[in-house]
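Below, each chain spelled out in residue letters.
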Amino acid sequence: MSQFGAFEPHPATTIHADQLDDALHELIGRLEDNYPFFHPRYAGQMLKPPHPVSVIGYLAAMLINPNNHALDGGPATAQMEKEVVAQLAAMFGYGTDFLGHLTSSGTIANLEALFVARETHPGKGIAFSADAHYTHGRMCHVLGVEGHAVATDAAGRMDLAALEELLRTGTVGTVVLTTGTTGLGAVDPVHEAVPLCQRYGARIHVDAAYGGFFRLIADDSPDGVQAAPFRSIADCDSVVVDPHKHGLQPYGCGAVLFKDPQVIRFYTHDSPYTYFTSDELHLGEISLECSRSGAAAAALWVTSQVLPFTAEGLGRVLRPGRRAALAWADLLADSPTLALYQPPELDIVTYLPRRASLSDVDRVSAHVLDAGMTRPKEDAVFVATYSVTAEALAARGHRITADVDHGRILRSVLMKPESEQWVDFLHSAIDELATAAG
């Protein structure tokens, strides 16, 4: 930006070198108190390092610090946002006539989708699966809308018979379908739910925050995922996806897309001090959020230039994690120590120690979680746990004494493509820890 001429920073912002050294030394020391989210031995929560290209894009734009609320706050990054959101819309089959924008998170993106759902179906409730993200129940409360948790089947997918029974009451205006639940990675049968919801006049929102980018490999191939549910997103009214999950972006970067651009009417507002530099659409005019990071848009845009949202582009980053999940499922099927809880649909693997009682399953799972993290760094392994009921275990064919109502099993998210080369290590380490628990 040197074309604007040089200027001297104000002395009030000057920091002495020794102060900076002390602060940075403490910062680096405190950042040591983290798990190795970047490493494939970390297979716990949905944490995936941003691609170096996205970091470069974010840092470059952050030096300007644009705000994508109004065009005068970030003209360049606002245009990048419009372009990259159009790419997301094309990925889901929404064509060119849609409404959408980036958000600071999937939570806010879902809030916006449910806000529009409330406005299009006033007085009606919102249904979501009992295994859907807790944000849907929470946001229904925020919006003053009745939320309905629908039972799931033995694979953690929404039970459509239970959904139809609810729809018959006439109290539901919107159904939320999840293409990749946070706990199990279960994919609701969108292709079967669409005609059902249409028959009852219900709006359909898809929460694809975690699983949305699997649309790129939804081809029914050996290392892909089932095509039908993901292709049917094109027939749904709205969809949310989180680029800060499988899109290789820094936190926070979500997105919400509406198939019908006329929902813009629910966002209508004016501001005497904001939308004054252009008659073009300002992104703040179609968002519940006000200030939003232009750097997030720049990071996603530049990433899409080198890893486009295609099977050959970003899709090639997802397939190794999918193969890793399938390979681990095979190892678990033959293990005398660990059992597969249910087959993975995406890249989340759930499994449990082979024990006679649910309380013992819980005890050993807790041991694996804690002992894995406290091993020497070169041997450490990081997993997560998932709470299940005795009924859920029985529904999946696990014959375990139900001496308690709930217990923890083990859960691993294999989001990083490098996980494919670490499956044997992860399996062996967890097998060893489960055996050592006695």
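Residues numbered from 1 in each chain as written. Predicted model: local features only at pLDDT ≥ 70, side-chain atom pairs only at ≥ 80, totals over all residues. Heavy atoms only, no water.

> Can you lay out the sheet that holds strand β10 (residues 384–389) for me, pointing to particular residues and giving the numbers?
Strand order in the open sheet made by the 4 strands is β8-β9-β11-β10, with antiparallel pairing throughout. Each having just a single partner strand, β8 (338–342) and β10 make up the two edges of the open sheet. Averaged over all neighbouring strand pairs, the angle between strand axes comes to 45°, with direction disregarded. For β8 and strand β9 (residues 348–353), the ladder comprises 4 bridges, and the chain directions are antiparallel. In the sheet register, Leu338 faces β9, and the bridge partner there is Pro353. Its contacts with the sheet put helix α10 (residues 315–333) on β8, β9 and β11 (406–413), and the angle it makes with β9 is roughly 15°. Helix-sheet contacts for helix α11 (residues 358–374) involve β9, β10 and β11, and the interaxial angle to β11 is about 40°. (Pairing = 2+ DSSP bridges. Helix = DSSP H or I, 4+ residues; strand = E, 2+ residues; numbered from the N terminus. Axes fitted to C-alpha atoms, helices over the stretch in contact; angles between N-to-C directions. Contact = heavy atoms within 4.5 Å.)

> Provide a residue-level description of the packing of helix α2 (residues 52–62) against helix α9 (residues 294–306), including the pertinent values.
In the contact formed by α2 and α9, the axes pass within 7 Å of each other and the chain directions differ by 145°. Relative to α9, α2 is oriented so that their crossing is right-handed. Of the residues in α9, those touching α2 at Val53, Ser54, Gly57, Tyr58, Ala61 and Met62 are Ala295, Ala296, Ala298, Ala299, Val302, Thr303 and Val306. Residue classes in the contact of α2 with α9 are distributed as 10 nonpolar, 3 polar and no charged. (Left-handed = near helix turned anticlockwise from the far one by under 90°. Nonpolar A, V, L, I, M, F, W, Y, C, P; charged D, E, K, R; others polar.)

> So what's going on with the sheet that holds strand β5 (residues 203–208)? Which residues, and what values?
The strand order across the open sheet built from 7 strands is β1-β7-β6-β5-β4-β2-β3, with neighbouring strands paired in mixed fashion. At either margin of the open sheet sits one strand with a lone partner, and together these are β1 (99–103) and β3 (147–150). The average undirected angle you get between the axes of adjacent strands in this sheet is 20°. In the sheet, strand β6 (residues 238–241) pairs with strand β7 (residues 254–258) via 4 bridges, with the strands oriented antiparallel. Residue Val239 lies in a different strand from β7, and its bridge partner there is Leu257.

> Mind laying out the pattern of salt bridges, listing which residues take part and the relevant values?
The full count for this structure, using the stated rule, is 15 salt bridges. The partner of Asp223 in a salt bridge is Arg323, and the shortest N-O contact between them spans 2.8 Å. With a gap of 100 residues between them, Asp223 in the loop between β5 and α8 (227–231) and Arg323 in helix α10 connect regions that are remote in the sequence. Note that Asp360 and Arg363 form a salt bridge whose closest N and O atoms lie 2.8 Å from each other. Of this pair, Asp360 and Arg363 are both found in helix α11, 3 residues apart, which corresponds to roughly one turn of the helix. On the basis of relative accessible area, Asp360 is assigned to the partly exposed category, the value being 22%. (Salt bridge = Lys/Arg side-chain N within 4 Å of Asp/Glu carboxyl O. Buried < 20%, exposed > 50% of the residue type's maximum accessible area, 1.4 Å probe, protein only.)

> Any details on the packing of helix α6 (residues 160–167) against helix α7 (residues 190–199)? Residues and values, ideally.
It is the contact of α6 with α7, at a shortest axis distance of 10 Å, that shows an interaxial angle of 10°. When the axes of α6 and α7 are compared, the pair comes out roughly parallel. From α6, Leu160, Leu163, Glu164 and Leu167 reach across to α7, where they touch Glu192, Ala193, Leu196, Cys197 and Arg199. Its residues assigned to classes, the contact of α6 with α7 comprises 6 nonpolar, no polar and 3 charged. (Parallel < 35°, antiparallel > 145°, perpendicular 65-115°, else oblique.)

> Please provide a residue-by-residue account of unusual backbone geometry, values included.
The amide bond that connects Tyr251 to the next residue, Gly252, takes the cis arrangement and shows omega of -10°. Tracing the backbone shows Gly252 in the loop between β6 and β7. Phi angles above zero are rare outside glycine, and Asp220 is one such case at about 60°. Inspection of the secondary structure puts Asp220 in the loop between β5 and α8. A residue is classified by how much of its surface remains accessible, and Asp220, at 55% relative accessible area, is exposed.

> Go over α10 with me, naming the residues and quoting the values.
Here α10 contains 19 residues, and its C-alpha end-to-end distance of 27 Å stays within 8% of the 27 Å for a straight helix at 1.5 Å per residue. Within the span of α10, buried status applies to Gly315, Val317, Leu318, Arg319, Pro320, Gly321, Arg322, Ala324, Ala325, Trp328, Ala329 and Leu332. If you follow the buried residues of α10, they end up packed against β8, β9, β11 and α13 (423–436). (Expected span 1.5 Å × (residues − 1).)

> Account for a nonpolar patch on the surface, with residues named and values stated.
A surface patch of nonpolar side chains, about 560 Å² in accessible area, is lined by Ile15, Leu20, Leu24, Leu27, Ile28 and Leu31. Relative to the helices and strands, Ile15 is located in the segment before α1 (17–31). (Patch = residues over 30% accessible without salt bridge, like charges linked within 9 Å, V, L, I, M, F, W, Y side chains within 5 Å. Areas by Shrake-Rupley, 256 points an atom, 1.4 Å probe, with all protein chains shown as cover.)

> Describe the pairing of β5, with residues and values.
For β5, the tally of buried residues reaches 6 of 6 residues, placing the bulk of the element in the interior. Residues of β5 alternate between two faces, with Arg203, His205 and Asp207 on one and Ile204, Val206 and Ala208 on the opposite face, all of them buried. Pairing between strand β4 (residues 172–178) and β5: 5 bridges, direction parallel. By the bridge assignment, Thr174 is partnered in β5 with Arg203.

Interpretation note: all reported values are geometric properties and have no functional meaning in isolation.
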